[in-house]
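The residues making up each chain are set out below.
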Amino acid sequence: MSPRRRLLLLVAALAVTAAAASACTDVNGTNGKNFVSGDGAVIEIPVPDRGKPVTFSGETLTGDELDVVSLRGQVVVVNVWGSWCTECRAEAPKLVDAVSRFPSGTSTLGVDIRDSKDNALAYERGYGIDYPSIYDFGSETLLAFPPPYNPRATPSTMVLDAQGRMAALVLGSLPSTLTLVEVVQKVADESG
């Protein structure tokens, strides 16, 4: 990686860190929580507006390397979570149920942010989460998702089409299992 690219990534990571740190006050609407929560709004992105494929990789909680590029050709559901997040814990059973209903050929992965590995692994065991999660303490993976469709709340769920482009975003806790299943099915049908 070139020194210029490293510098740009460092500046971007610092900006995300500063934004996250400033999001931890009541002034910014977090209601005393250490994260920004969303309202569960579902944003579907029309095919012509999807932009470039999202690329990111990292080490999973179990120590394996995972690169989202290896999942091209499949619809990919990415859930941003943390074991410390009350709304993530409330959402987890809905997400596990939704995953069991996704059309075949759909991959699911998590991005665990600002967490300890021990707490994150206990969270996954407790909720029966069997898909991989990238361990991303500093939230750098979130930089891979293009504005204005980047995850700005914890939890957030993104749906990538078979080309790896952002097709949908749920900001905040899932409104329902069925809503996410319907969105994923629609993206799969478009990709089919």
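None of these values were measured; they are calculated from a predicted model. (Residues numbered from 1 in each chain as written. Predicted model: local features only at pLDDT ≥ 70, side-chain atom pairs only at ≥ 80, totals over all residues. Heavy atoms only, no water.)

A.B. asks: Whenever I open this one, the sheet that holds strand β1 (residues 41–44) confuses me. Can you help?
C.D. replies: Picture the strands of a sheet paired through backbone hydrogen bonds; they go either parallel or antiparallel. In space, the six strands of this open sheet follow the order β1-β8-β7-β4-β5-β6, with mixed pairing throughout. The sheet terminates laterally at β1 and β6 (133–136), the two strands that pair on one side only. Mean inter-strand twist for the sheet, computed between neighbouring axes without regard to direction, equals 15 degrees. The pairing of strand β4 (residues 75–81) with strand β7 (residues 156–160) spans five bridges and is antiparallel. (Pairing = 2+ DSSP bridges. Helix = DSSP H or I, 4+ residues; strand = E, 2+ residues; numbered from the N terminus. Axes fitted to C-alpha atoms, helices over the stretch in contact; angles between N-to-C directions.)

A.B. asks: What should I look at first to understand helix α3 (residues 117–127) in this one?
C.D. replies: Since there are 3.6 residues in each turn of an α-helix, residues three or four apart along the chain are aligned in direction. Within the sequence span of α3, burial applies to A120, Y123 and E124. The arc that holds the buried residues of α3, viewed along the axis, is 95 degrees, so those residues lie on one side. Set apart from the buried face of α3 by more than 90 degrees, the exposed residues are D118, R125 and G126. Looking at the packing, one finds that the buried side of α3 touches β4, α2 (86–101), β5 (106–113) and β6. A positive backbone phi angle near 70 degrees is found at G128, which sits one or two residues after α3. (Buried < 20%, exposed > 50% of the residue type's maximum accessible area, 1.4 Å probe, protein only. Arc of directions from axis to C-beta. Contact = heavy atoms within 4.5 Å.)

A.B. asks: Help me understand the side chain of D112, please; the structure alone is not making it clear to me.
C.D. replies: Of note, D112 is situated in strand β5. Although D112 lies buried, it forms no salt bridge, and the closest oppositely charged side chain, K117, sits 8.7 Å away as judged by the N-O distance. Among residues more than four places away in sequence, those in contact with D112 are L61, W81, G82, S83, A120, I134, Y135, D136 and F137. (Lys, Arg positive; Asp, Glu negative; His and termini not counted. Salt bridge = Lys/Arg side-chain N within 4 Å of Asp/Glu carboxyl O.)

A.B. asks: When you look at the packing of aromatic side chains in this model, what are you seeing that I'm missing?
C.D. replies: The geometry of two aromatic rings is summed up by the distance between their centres and the angle between their planes. Using the criterion set out here, one finds three aromatic pairs in the structure. Sitting over the face of the ring of W84, R114 holds its NZ or CZ atom 4.8 Å from the ring centroid. (Phe/Tyr/Trp six-rings, centres within 6.5 Å; stacked < 30°, edge-to-face > 60°. Lys NZ or Arg CZ within 6 Å of the ring centre and 35° of its normal.)

A.B. asks: I'm lost on the pattern of salt bridges in this one. Help?
C.D. replies: Where side chains of opposite charge bring their charged atoms close, a pairing between them can arise. A full pass over the atoms with the stated rule returns six salt bridges. Residues E44 and K186 are paired through a salt bridge, measuring 3.2 Å at the closest nitrogen-oxygen approach. Taken together, the positions of E44 in strand β1 and K186 in helix α4 (residues 177–191) put the pair 142 residues apart, joining distant regions of the chain. On the basis of relative accessibility, which here comes to 43%, the residue K186 falls in the partly exposed class. The shortest N-O distance in the salt bridge between R50 and D161 comes to 3.1 Å. Separated by 111 residues along the polypeptide, R50 in the loop between β1 and β2 (57–59) and D161 in the loop between β7 and β8 (166–171) bring together distant segments of the chain. For the pair shown, R50 and D161 are each scored as buried. Connected through shared salt-bridge partners, R50, D161, R165 and E190 make up one network.

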